[in-house]
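Coordinate inspection notes
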Amino acid sequence: MATLEKIRKRSALLFTIIIVALLAFILGDFLTSGRSFFGHGTTMAKVDGHKIDYSKVSERAEMLSQQAQAQGQNLDAETVRQMAIQQLLTEALINQEIADLGIAVTDAEITAGMTSAMPHPAAQQFIYQMSQSLGLQGMSGQAVFDAVSNPAKYGITDPQMQQQLRAMWAAQEQQLEDALRQEKFSRLIAGLYTANPLDADALYNERNTTTHITFAAKDFTSVPDQDVTVSEDEIRTRWQQDKERYRLGEPSREVSYIVVPIEPSAEDLKVANNTVREAIAALRADTAGISSVQNNPAFVVNRVNTPRRNLQNPILRAYLDTAHVGQVSQLIHNNQGYTIAKLLGKTQQTDSVRLSFAIFMDDNARDSVLSKINAGEVSFSEYIAANGAGQDSIWDVMVNSSAPASLVETISNAPYGQLTAYNDSIMGQDGNYIQRSMLVKVLERKAPATVYDVAVIEYAVDPSQETINKLTSDFRKYLTENATAKAFAENAANAGYNVQNAIIGASSSQLGQNMYNAGLEDSRSLVKWAMENDKNAVSPIYQDKKQSYLAAIAVDALYDEFIPYTSPELNENITATLRNEKKAQKLIDQYAGKANDVAGYAQLMGTEVNTTDVNFASYMFGNLGVNENKLHGLAASTPKGKLVGPVKGNTRVIVFTVDGVDVEGRPNDFKENAAEFNRTQGFGAIFNNANLFNVLRGRHEVVNYSLDFENPGL
């Protein structure tokens, strides 16, 4: 009672303490993360009002990672996470379109997809796994549904398990419903962007019509850059005309970055060369084997005992063709390392045999069967087929076999066609050894093969700590002396560094990543640093997890909706386009109307007359270049013999005449041409995986909060 009375008297004080502690907790969380209160909470990304939760991203990323591993791919974790975010955002946008269009799935469609003789592909794996778990003879959605409805009938009496079973079925129905909705949406969109007879006929004509032209061309480079000028107003005007091409999907930053490979120095290479030379000398002197390198951690020794045919390395195979026992040779030498080989021995061994065998639990059972076989009551093949305790007439490899050496020796020495008894012991499931009895019959042996006992010795040339320290010291000195983005980029070449540029956003998993380039591995920390720092800031040194490079990044500019024309790379691209247009016009003005045929123009231009073939459906314009849309159109529409030009191409001005047109005689197949149209110009081209998200997103900006959920350190 006394204790309770004390608590009552001090309740106001305790209440104050609790409130202060709670406020401290709230403010602390707010100040450290900014997410839980007044922020985006567990939202990892959003677009057009659709939010993607952290837990959903984690689940999808795990699934994508497992799929990649199953396909032998080892994707960067952050790349997988950004893939997951984009997939989920795409699905959210698709679901919005589905809702707006009023696309619905009926109960009958779901029932058919779950319980028909062949379940819908989206449900097949679930039905298959559940059928196996229930011990069904085959995959049956109807039987699985029966088990969900009448679990006791299938021996499922635990209420919790019954509830879980119903929940799993309901979840799968929901997944199927989502899949069916998306299928209907895809079919609807595909129907809007599919080939009609006119499209198919046009594509057929384009693919099967070849135009032969004679031409003369003058390259833009013949006009010096200083002969044409491009003003800032012209650049701005052209940018304004093409502005939508430069729309950004998210707030972004233009950055410059330097990557310094951590590689061996000249001194490191010299030390490595001396080490390897000494090792080779020791191996040659070591007539007994490879003890001189076997215990040296600098060398990795892989001893191979195999016929030549099992060797995949062509250099090693060539070495064994001429090497004598004891010969030491250096097979590979580059800046990454050395490979040395020493032939330790050559033997003639039975390569493989064709045999039959049966396994028995004890000698008595084996001897009983052997007696019956010898008495003619049953053949060995008949016994194996009837009892399934062995295999009949199979080829088995003897060299490097996984079988016990005693069994390999028994098989190698067994006489043809005779049953040979064999005994050994094997480990049982309980960890104890049990006796095993066998009967073996050798039916055929391949000719003995030469088996090589060869040691392959690897020595990796790694940068020394002194080299790493110097690379780090020199780079740190450069960053200290060039602490602004402008100096960082401008002075790099003189210091021996190469500057690269990129435009990045919160969804950039790596620097320099695009549809053509995987990007700089393990560079997400640099992206995070750049997105969290201001214009002109220069980062400290970053080192990747594999310790293969040093890197630093500088923030050149901050962009919101569009890449501005002042962006150095974009500015140069627009300038080059305008410059080429002016060069083209200069050349056209110089030559237009001053000749009557291609030969005359070729003489004026100081070039040769050439011929080429043009197919309207090809991205190539003969042998003159790619994406020459204007020239393609002119070639297709120009009558035979008419002189065209000079006209501007992408890289030169051209004069040409059409010499003739050939039409291939292959039949016009609507299905074939329609399928090709859909793939290259219709639904398949517009709504492919690489483009679908941007089509659905339109002008809506993506807000990606993923940087707030990670803390990779520099």
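Since we're looking at a predicted model, the values are computed, not measured.

Here the residue pair G645 and P646 is connected by a cis peptide bond, since its omega of 5 degrees sits within 30 degrees of zero. Tracing the backbone shows P646 in strand β17 (residues 643-648). Although it is not a glycine, D522 adopts a positive phi angle of roughly 60 degrees. Position of D522 among the secondary structure elements: in the loop between β13 (499-505) and α19 (524-531). D522 gets classed as buried once you look at its relative accessible area, which sits at 16%. Positive phi outside glycine occurs at N627, with the angle close to 55 degrees. Counting through the fold element by element, N627 comes out in the loop between β16 (610-615) and α22 (629-637).

Counting buried positions along α19 gives eight out of eight residues, so the element sits mostly inside the fold. Those residues of α19 not exposed but buried are R524, S525, L526, V527, K528, W529, A530 and M531. Those residues of α19 that are buried are in contact with α4 (77-101), β4 (252-261), β13, β14 (542-543) and β15 (549-559).

Moving on, we get to the sheet that holds strand β12 (residues 449-460). In space, the four strands of this open sheet follow the order β5-β12-β7-β6, with antiparallel pairing throughout. In the strand order of this sheet, the two ends are held by β5 (299-307) and β6 (328-334), each with one partner. Sheet twist, expressed as the mean angle between neighbouring strand axes with direction ignored, is 20 degrees. Pairing analysis gives nine bridges linking β5 to β12, with the strands arranged antiparallel. Bridge pairing links V304 to V454 in β12.

In this structure the tally under the stated criterion is 12 aromatic pairs. Consider the rings of F299 and Y459, whose centres lie 5.0 Å apart with planes at 40 degrees: the pair is tilted. Taken together, the residues span a long stretch of sequence, with F299 in strand β5 and Y459 in strand β12 at a distance of 160 residues. An identical accessibility class is assigned to F299 and Y459; each is buried. Through a chain of ring-to-ring contacts, three or more aromatic side chains come together here, namely F475, Y478, F488 and Y497. If you follow K243 out to its NZ or CZ, it ends over the ring of F562, 4.6 Å from the centre. Its end group placed over the ring of Y416, R445 keeps NZ or CZ at 5.1 Å from the ring centre.

Turning our attention to helix α10 (residues 232-241). Among all positions in α10, only I235, R238 and W239 are buried. Here the buried residues of α10 occupy an arc of 100 degrees about the axis, which is enough to place them on one side. Each element contacted by the buried residues of α10 is listed here: α20 (568-591).

Moving on: the nonpolar core. Within the largest apolar cluster, 26 residues are counted, with the highest numbers of intra-cluster contacts made by I52, V57, I85, L89, I94 and F185. Among the elements that make up this core, the one with the highest residue count is α4 (nine residues). Ranked by size, the runner-up nonpolar core spans 19 residues in total, among them I504, L511, M531 and A551.

As a further point, take the pattern of salt bridges. The tally for this structure, following the rule as stated, stands at 25 salt bridges. A salt bridge links D233 to R236, with the nearest nitrogen and oxygen atoms 2.7 Å apart. Of the two residues, D233 and R236 both sit in helix α10, three residues apart, roughly one turn of that helix. For D242, the salt bridge goes to R245, with nearest N and O atoms at 3.7 Å. Several salt bridges share partner residues, and in doing so they unite E78, R81 and R524 into one network.

This part covers the packing of α4 against helix α8 (residues 159-192). Two elements in contact, α4 and α8, have axes separated by 10 Å at closest approach and are oriented at 75 degrees. Of the possible angle classes, the one that applies to α4 and α8 is roughly perpendicular. Residues E91, I94, N95, E97, I98 and L101 of α4 pack against R181, Q182, F185 and L188 of α8. Among the residues making up the contact of α4 with α8, the classes are represented as five nonpolar, two polar and three charged.

Bringing the confidence of the model for the protein into the picture now. Per-residue confidence for the protein gives a mean pLDDT of 83, with 91% of residues at or over 70. Per-element confidence in the protein ranges from a low mean pLDDT of 37 for helix α1 (residues 2-9) to a high of 95 for helix α17 (residues 465-481). Every residue in residues 1-38 scores below 50 in pLDDT, and together they form 12 contacts with partners more than four places removed in sequence or on other chains.

With that settled, consider the pairing of strand β7 (residues 337-349). As paired elements, β6 and β7 share six bridges and run antiparallel to each other. Note that in β7 the partner of I332 across the bridge is T339. Taking the residues that link successive antiparallel strands as the turn, the β6-β7 hairpin has two residues.

Quick look at the environment of Y338 now. Assignment of secondary structure puts Y338 in strand β7. What makes Y338 buried here is its relative accessible area of 4%. C-alpha separation for the pair Y338 and R366, spaced 28 residues apart in sequence, amounts to 54 Å. Those residues in contact with Y338 that lie beyond four places of it in its chain are L269, A272, N273, V276, Q330, I332, H333, I457, E458, Y459 and V461. Here the side chain of Y338 touches H333 through a polar contact of 3.1 Å, side chain to side chain.

Attention shifts here to the sheet that holds β15. What the four strands build is an open sheet, ordered β13-β4-β15-β14; its pairing is antiparallel. Only two strands of the sheet have a single partner each, and these edge strands are β13 and β14. As paired elements, β14 and β15 share two bridges and run antiparallel to each other. If you follow Q543 over to β15, its bridge partner there is L550. Sheet contacts for α17: β4 and β15; angle to β15, the most-contacted strand, approximately 20 degrees. Contacting β4, β13, β14 and β15, α19 runs over the sheet at an angle of about 35 degrees to β15.

To continue, consider the side chain of S437. Take S437: it is sitting in strand β11 (residues 433-445). At a separation of 2.4 Å, a polar atom in the side chain of S437 contacts the side chain of D363. Apart from residues lying up to four places away in sequence, S437 is in contact with A358, I359, F360, D362, D363, R366, Y422 and N423.

Thresholds, definitions, all that
Residues numbered from 1 in each chain as written. Predicted model: local features only at pLDDT ≥ 70, side-chain atom pairs only at ≥ 80, totals over all residues. Heavy atoms only, no water. Helix = DSSP H or I, 4+ residues; strand = E, 2+ residues; numbered from the N terminus. Buried < 20%, exposed > 50% of the residue type's maximum accessible area, 1.4 Å probe, protein only. Contact = heavy atoms within 4.5 Å. Pairing = 2+ DSSP bridges. Axes fitted to C-alpha atoms, helices over the stretch in contact; angles between N-to-C directions. Phe/Tyr/Trp six-rings, centres within 6.5 Å; stacked < 30°, edge-to-face > 60°. Lys NZ or Arg CZ within 6 Å of the ring centre and 35° of its normal. Arc of directions from axis to C-beta. Core = buried A, V, L, I, M, F, W, Y, C linked by side-chain atoms within 4.5 Å. Salt bridge = Lys/Arg side-chain N within 4 Å of Asp/Glu carboxyl O. Parallel < 35°, antiparallel > 145°, perpendicular 65-115°, else oblique. Nonpolar A, V, L, I, M, F, W, Y, C, P; charged D, E, K, R; others polar. pLDDT = per-residue confidence, 0-100. Polar contact = N/O pair within 3.5 Å; in protein donor to acceptor, adjacent residues only side chain to side chain.

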